Every structure is written in structure tokens, then in C-alpha cells.
Amino acid sequence: MSLQTIDPTRYQDQLDEKLARFRQTFAPHGLPDPEIFVSPPLHYRLRAEFHILHEGRKIHYAMFAPGDSISLIPIQSFPAAAEPICALMPRLQEALQASNTLRDGLFRVDFLATLSGELLLTLVYHTHLGKRWEAAAQDLAASLKLPLLGRSKGRKTVLQRDWVLESFELNGRQLQYQQIEGSFTQPNGQVNRKMLGWACQQLQGLGGDLLELYCGNGNFTIALAPLFRQVLATELSKASVQAAEFNLKANQVNNVALARISSAELSQALSGKKSFKPLAHLDLNGYRFSTLCVDPPRSGLDTQTLALARDFDHILYISCNPASLAENMAVLQETHRITAVAVFDQFPYTHHLESGLLLTRRQR
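Residues numbered from 1 in each chain as written. Predicted model: local features only at pLDDT ≥ 70, side-chain atom pairs only at ≥ 80, totals over all residues. Heavy atoms only, no water.

**Q** Even after reading the chapter, I still don't get unusual backbone geometry, so can you show me in this structure?
**A** It is generally the case that most residues other than glycine have a negative phi and that most peptide bonds are trans. In the Ramachandran plot, Lys 145 falls in the positive-phi region, its phi being about 60° despite a non-glycine side chain. With a relative accessible area of 76%, Lys 145 lands in the exposed category. The backbone of Tyr 214 sits at a positive phi, close to 60°, despite the residue not being glycine. Following the sequence through the fold, Tyr 214 ends up in the loop between strand E11 (209–213) and helix H6 (219–224). (Buried < 20%, exposed > 50% of the residue type's maximum accessible area, 1.4 Å probe, protein only. Helix = DSSP H or I, 4+ residues; strand = E, 2+ residues; numbered from the N terminus.)

**Q** Hey, could you run me through the pairing of E11 in this one?
**A** Within E11, five of the five residues are buried, which leaves it mostly tucked inside the rest of the structure. With five bridges connecting them, E11 and strand E14 (residues 289–294) associate as parallel partners. Bridge pairing in E14 links Leu 211 to Leu 292. Across three bridges, E11 lies against strand E12 (residues 231–235) in parallel orientation. When the bridges of E12 are listed, Leu 210 appears paired with Val 231. (Pairing = 2+ DSSP bridges.)

**Q** Is there a simple way to think about the sheet that holds E11 in this case?
**A** Picture the strands of a sheet paired through backbone hydrogen bonds; they go either parallel or antiparallel. Spatially, the eight strands line up as an open sheet ordered E1-E16-E17-E15-E14-E11-E12-E13, and their pairing is mixed. At either end of the open sheet lies a strand with only one pairing partner, and these are strand E1 (35–37) and strand E13 (256–260). Looking at each pair of strands side by side, their axes are set apart by 15° on average, direction ignored. Two elements, E1 and strand E16 (residues 336–344), share three bridges in a ladder whose sense is parallel. Of the residues in E16, the one forming a bridge with Phe 37 is Phe 344. Packed onto the sheet, helix H8 (residues 263–270) meets E11, E12 and E14 and runs at close to 145° relative to E11. Its contacts with the sheet place helix H10 (residues 322–332) against strand E15 (314–319), E16 and strand E17 (354–361), and it is angled at close to 160° to E15. (Axes fitted to C-alpha atoms, helices over the stretch in contact; angles between N-to-C directions. Contact = heavy atoms within 4.5 Å.)

**Q** Whenever I open this one, the pairing of E15 confuses me. Can you help?
**A** Buried residues dominate E15, accounting for six of its six residues. Along E15, one buried face is formed by His 314, Leu 316 and Ile 318 and the opposite face, lined by Ile 315, Tyr 317 and Ser 319, is buried too. Where E14 meets E15, four bridges bridge the pair, whose relative direction is parallel. Note on E15: the bridge partner recorded for Leu 292 is Ile 315. Note that the unit made of E14, helix H9 (residues 303–309) and E15 has a crossover that is right-handed. Alignment of E15 against E17, held across six bridges, turns out to be antiparallel. Bridge assignment links His 314 to a residue of E17, and that residue is Thr 360. (Right-handed = clockwise from strand over helix to strand, strands pointing away.)

In C-alpha cells, the structure reads:
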């Protein structure tokens, strides 16, 4: 993570600048006026990672200088982090400084929090973690009253568990999400709730079956599943698929089939060009897909997935990169028009802006 200037008095100004760039980027596509979902100006990040600088027996949290992946700057606090993370930081720093076993070789500390109050701590080392470290770490976890794990040279030492359980209300449902350490989760929990609410509102009443690509741990899957007859959700990350399976059971969602497969491979399977083992248990011909939901990486949709998307009546496209979204829209606008737009300020005080489009197929 890079250090950023966090000034609540400048929050609206920086958001207005991002919105102006967004509108300019999509001006050629006849963009409707977007709904705007703002972030809390402070304590909005549920994930935070800090490097550790050593100064004799003292250690300091540190972050990279803006635009510099080499120079580390010591920090005393990080007001973007969720309040439980901010409260833990000085206590953890003091405890680590007091223990040679926990301090030596430590070069990064990761925090993962939830809106529902859980917190997971990861200590990352250059050195091997042995029995002495495990004993000291167990004592630290007990004193802090939270789960803790260690990472070193590609190995993970889990003392209690390597996940947190998020829980929040959405449209009258109490949703639960297992979030595994090291896997992708939405960093801004409050904005994520707003994003899920907007997505449900757009797809309400469409019916039919839903195909979801890049489903992650089921963030959208769990929220959207009740709106459709059947859902086929795909994801490539093994850890995310495991979390999604847990989350489907925890939320008693029974109309979702989950497959660990890439979007490009699924596109080939649905076109009948090739069969894949992860889909062998599914009757693909039994689906009547009306809607496609995609939340791709920053690079956007590949050529095969874009070709697949053109055949859907509705596309819900969630994007973390307006540039790649605009490139994809240059293709999709031939078959679809934009009927709803929203922007979600997941990353205040940065140039990043999350957005969502609902695309409706043009009449043939």
C-alpha cells in the first residue's frame, strides 16, 4: 500500500474530480446520469497492509511514498483503516517490540476486519517460523483476543483460523460471508453494501437464469440469487471458490451451481466448442440465461467473454477500471445500450473509481 493524503475536508472535491473524468471517458456512449454512492471519509478500509521498519529494538509501521515502490515512510496512524484496526495498531506495535521472537525478521503486518466486528492479524517474516514463534504468537493472540497467523517463505502457519466471517443486513436478509486471508475481498465494506443494494435493484424482476463470471467468494452471488430461477457462478481462484461454497451453505442459497473455471473456458463450453471437467456435473443446455453479471479484473473482459456477453438480454457490469470498461463498451454498444449507471467510491483520496453499468440488449 502507498501512503495517501487523507483530508475529509477535500473528500467531495476529489470525488468530483473523479466523476468529471468518468463522465468524460463515457461521453461517447450516451451515458445516463450516474447514481453516486459515497464513502465514509474516514475509517472505511477493512483491509490494511503495512511494512515494518526496524530501528534497533524499535519497529515502526511504514508505507511506500506515493508513486514510489522503494521508499518507505514511517507512519504513526492510518485514519483510512477501520476503527478496530486503528485501535489495535499501537497495542500490537508495543507487543511486537517487547518480543525478540515476534519482532526479528518481521517485515509486514496485514489486518483484515469486518463490518460485524471481527479482526484477523497476519505477521509476515523473512525467517522460518518454528515452535518458539508459534508459542509466542499463541500468547499474543490470546492477549489480543483475536485469530492470528504467520507467513514465511511461501508457508502459512495458522494458529486458530485464517478467515473472518462478515455479516450485514441487505434488503431484509442477514447475509454472511467467509473472507479468507490472502483472497480478494471488497476493502470498503460500507460502499460494498451500497453496491450490492444497487445491483439487486437493477436486476429485480428480470427473472430467468443468471450467469455470473468472476464470482469471487460469492459477494454478488449471495445477494442476487433470490432474484433468479437458477444461477451458474464461476471463479478461478481456489480459495475464493472454497469461500463461495461455504457462503452458499451459510446463507442457505440452494439455486446456485458453482464451477472453478475461467471465463474464457466457460465461453468455449457454452458455445459447444469444447468440454471441461469442472462442468461435467452440469446440464448447460438446461439453463435459460437472461442476465450476465461480470466483475472482472482491471484488464476487463477478454475477447471470448465479450463475444459471449453479446447474446444476453441484460448485462450487469461491475468495473474497477473505467478505462478497460470503456474499451469493452466500444464493443458491447453494438448490441447493447446503457440503461443504468452508478459509481461507487470504494477508494477515497485515490484516482480509482468503481462503477456499475446495466446494459440492455438493443432490439434486433
